[in-house]
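Structural overview
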Amino acid sequence: MNLDSLKKEISQRKVKPIYLLHGEEPFFLEQAEALFEQGLLSEAERGFNLSILYGRDSDAQSITDAALRYPMFADFQLIIVREAQSLRDIEKLLSYAEKPVPSTVLVLVHKHKKYPANRKLYKAIARSGVVMESKKVRDQEMAAWVDQFLRQQGYRIQPDAAQLVAEHLGNDLGRVVSELKKLMLNIEAKSSIKSEDIERYIGISREYNVFELQNALLKQDRARAWKITEHLGENIRQHPMVMIVGSLYNLYSKVYMAHFVQGASDKELAELLGVHPFFVKDYRLATSGWPIPKVERSMGVLMQYDLRTKGVEDAGTEHSSMLREMVWKLLN
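Let us look at the structure shown here. (Residues numbered from 1 in each chain as written. Predicted model: local features only at pLDDT ≥ 70, side-chain atom pairs only at ≥ 80, totals over all residues. Heavy atoms only, no water.)

**Topic: unusual backbone geometry**
- Of note, the phi angle at Gln220 is positive, near 55°, even though the residue is not glycine.
- The topology assignment puts Gln220 in the loop between helix 11 (210-218) and helix 12 (222-234).
- Overall, the relative accessible area of 33% leaves Gln220 in the partly exposed class.
- Residue Glu313 is not a glycine yet carries a positive backbone phi of 55°.
- Counting through the fold element by element, Glu313 comes out in the loop between helix 16 (292-309) and helix 17 (319-331). (Helix = DSSP H or I, 4+ residues; strand = E, 2+ residues; numbered from the N terminus. Buried < 20%, exposed > 50% of the residue type's maximum accessible area, 1.4 Å probe, protein only.)

In structure tokens:
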């Protein structure tokens with residue numbers, strides 16, 4: 001189940017008696033919780049039929065006792081258990097999960113990690129209710145996610161601007177949405193958001209960032225790559241070495257893949273690489289300037305520096321110096 005199907009289920013009031021919302025991405029779990037809280041009961045019904053409990057302050061017996069009650073002047077009562085991962089005896093909900101009360105909608109919100117699928121409680125909820133997993137958006141999917149999110153809010157964003165947001169903010173959706181909301185407060189709806197807007201309202205430099213370093217390396221623009229490297233090195237706290245290494249490794253991995261699908265259409269290549277079709281031409285050009293042996297060597301350099309940033313075979317080199325050294329090796 002996803003958020004769209006859950007929203008439809010709640011709006012049609014075809015809800016199940018028990019839900020397990022779990023996974024590594026809290027943003028989707030919070031959205032799902034809000035759908036229940038705002039969509040299942042009217043404002044008048046909530047006063048008597050909505051209970052918000054917290055795993056760290058509850059136990060299985062008190063949750064079961066609450067779930068066994070009947071709704072007052074409503075078709076359902078809704079019980080939301082936030083932070084269910086902190087519920088120490090959560091497995092004791094098994095007997096209730098096997099025979100839940102049809103007029104109670106019990107929602108367990110288990111954040112930051114998956115609930116093991118081999119547990120009896122998981123299997124019981126899957127049989128009598130619904131299990132929804134909230135997965136992290138992968139780094140390579142973030143630009144597309146930013147584009148989709150803004151479209152849902154009535155905005156458009158240029159591909160390079162979406163990529164800039166993704167590269168700088170990563171895949172912490174809570175942080176990304178917070179920054180995008182700040183942006184939307186200053187941009188008219190239906191406007192096309194540009195890199196200049198990202199720089200102005202979110203504070204990400206459109207000239208000196210990891211995305212631009214990637215472009216300079218792809219085009220083998222040594223002067224620009226080195227200028228960006230100097231800027232990033234001077235602001236290494238805002239641009240952590242681990243993030244830069246990961247982004248560049250992802251870049252060279254895509255160039256490597258592009259070598260083996262020369263006959264693919266632009267659409268097919270975009271889907272394979274997980275990029276907007278706007279950027280396909282850059283990867284096609286990169287395959288001529290970066291032959292396979294050179295790409296493999298570059299990936300080897302990045303793997304070496306990934307280990308060094310984690311303290312392996314490194315005596316404590318400052319990350320700013322390490323960044324300059326790494327880029328020099330990639331350029332030479």
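Here the narrative resumes.
**Considerations on the side chain of Gln163**
- Checked against the element boundaries, Gln163 lands in helix 8 (residues 159-169).
- Of the residues examined, Gln163 reaches a relative accessible area of 15% and is grouped as buried.
- Aside from chain neighbours lying at most four places away, what touches Gln163 is Ala143, Phe211 and Phe279. (Contact = heavy atoms within 4.5 Å.)

**A short note on the pairing of strand 3 (residues 77-82)**
- With five of six residues buried, strand 3 is to be regarded as a mostly interior element.
- As judged from the five bridges shared by strand 2 (residues 50-54) and strand 3, these two strands associate in the parallel manner. From the neighbouring strand, Ser51 faces strand 3, where its bridge partner is Ile79.
- Note on the crossover from strand 2 through helix 4 (residues 60-67) to strand 3: the handedness is right-handed.
- Two strands pair when backbone bridges link them, and strand 3 and strand 4 (residues 104-110) are joined in this way by five bridges, in the parallel orientation. Its bridge partner lying in strand 4, Val81 is registered against Leu108. (Pairing = 2+ DSSP bridges. Right-handed = clockwise from strand over helix to strand, strands pointing away.)

**As for helix 1 (residues 3-11)**
- For helix 1, the full list of buried residues reads Leu3, Leu6, Glu9 and Ile10. End-on view of helix 1: buried residues confined to an arc of 120°, all on one side of the axis. In helix 1, those exposed residues whose orientation departs by more than 90 degrees from the buried face are Asp4, Lys8 and Ser11.
- Buried residues along helix 1 sit in contact with strand 1 (18-23), helix 2 (26-39) and strand 5 (130-134).
- Among the residues of helix 1, the N-terminal cap falls to Asn2, whose side-chain oxygen and the backbone nitrogen of Asp4 are separated by 3.2 Å.
- Just beyond helix 1, the residue with positive phi is Arg13, at close to 60°. (Arc of directions from axis to C-beta. Polar contact = N/O pair within 3.5 Å; in protein donor to acceptor, adjacent residues only side chain to side chain.)

**Section: the packing of aromatic side chains**
- What the rule picks out here adds up to nine aromatic pairs.
- For the pair Phe27 and Phe28, a centre-to-centre distance of 5.7 Å together with 70° between the ring planes defines the contact as edge-to-face.
- Classification of Phe27 by relative accessible area gives buried; the value is 12%.
- Phe28 sits in the buried class, given a relative accessible area of 17%.
- Here the aromatic residues Phe27, Phe28, Trp145 and Phe149 are joined through ring pairs into a cluster of three or more.
- The aromatic ring of Phe278 is capped on one face by Lys281, whose charged end is 4.2 Å from the ring centroid. (Phe/Tyr/Trp six-rings, centres within 6.5 Å; stacked < 30°, edge-to-face > 60°. Lys NZ or Arg CZ within 6 Å of the ring centre and 35° of its normal.)

**Some details on the pairing of strand 1**
- Taken across its six residues, strand 1 has six buried, putting it largely inside the fold.
- Burial of the side chains of strand 1 extends over both faces: Ile18, Leu20 and His22 are buried on one face and Tyr19, Leu21 and Gly23 on the other.
- Here strand 1 runs beside strand 5; their pairing, made up of five bridges, is parallel. Following the sheet pairing, His22 is matched in strand 5 by Glu133.

**With respect to the side chain of Asp147**
- Tracing the sequence through the fold places Asp147 in helix 7 (residues 142-152).
- Judged by relative accessible area, Asp147 falls into the buried class, the value being 18%.
- Polar contacts involving the side chain of Asp147 include one to the side chain of Arg151, which spans 2.8 Å.

**Brief notes about the packing of helix 14 (residues 266-273) against helix 15 (residues 280-289)**
- Where helix 14 meets helix 15, the axes come as close as 10 Å, and the angle between the chain directions of the two elements is 85°. Viewed along their axes, helix 14 and helix 15 adopt a mutual orientation that is roughly perpendicular. When helix 14 is examined against helix 15, the residues Asp266, Leu269, Ala270 and Leu273 are found in contact with a partner set consisting of Val280, Tyr283 and Arg284.
- Tallied by class, residues from the contact of helix 14 with helix 15 come to five nonpolar, no polar and two charged. (Axes fitted to C-alpha atoms, helices over the stretch in contact; angles between N-to-C directions. Parallel < 35°, antiparallel > 145°, perpendicular 65-115°, else oblique. Nonpolar A, V, L, I, M, F, W, Y, C, P; charged D, E, K, R; others polar.)

**Overview of the packing of helix 7 against helix 9 (residues 173-186)**
- Remark: helix 7 packs on helix 9, axes separated minimally by 12 Å, with the N-to-C direction vectors making an angle of 45°. With respect to helix 9, the element helix 7 is oriented oblique. For the element pair helix 7 and helix 9, the recorded crossing hand is right-handed. Residue-level inspection shows Met142, Trp145, Val146, Phe149 and Leu150 of helix 7 in contact with helix 9, the latter providing Leu173, Val176, Val177, Leu180 and Met184.
- Its residues assigned to classes, the contact of helix 7 with helix 9 comprises 10 nonpolar, no polar and no charged. (Left-handed = near helix turned anticlockwise from the far one by under 90°.)

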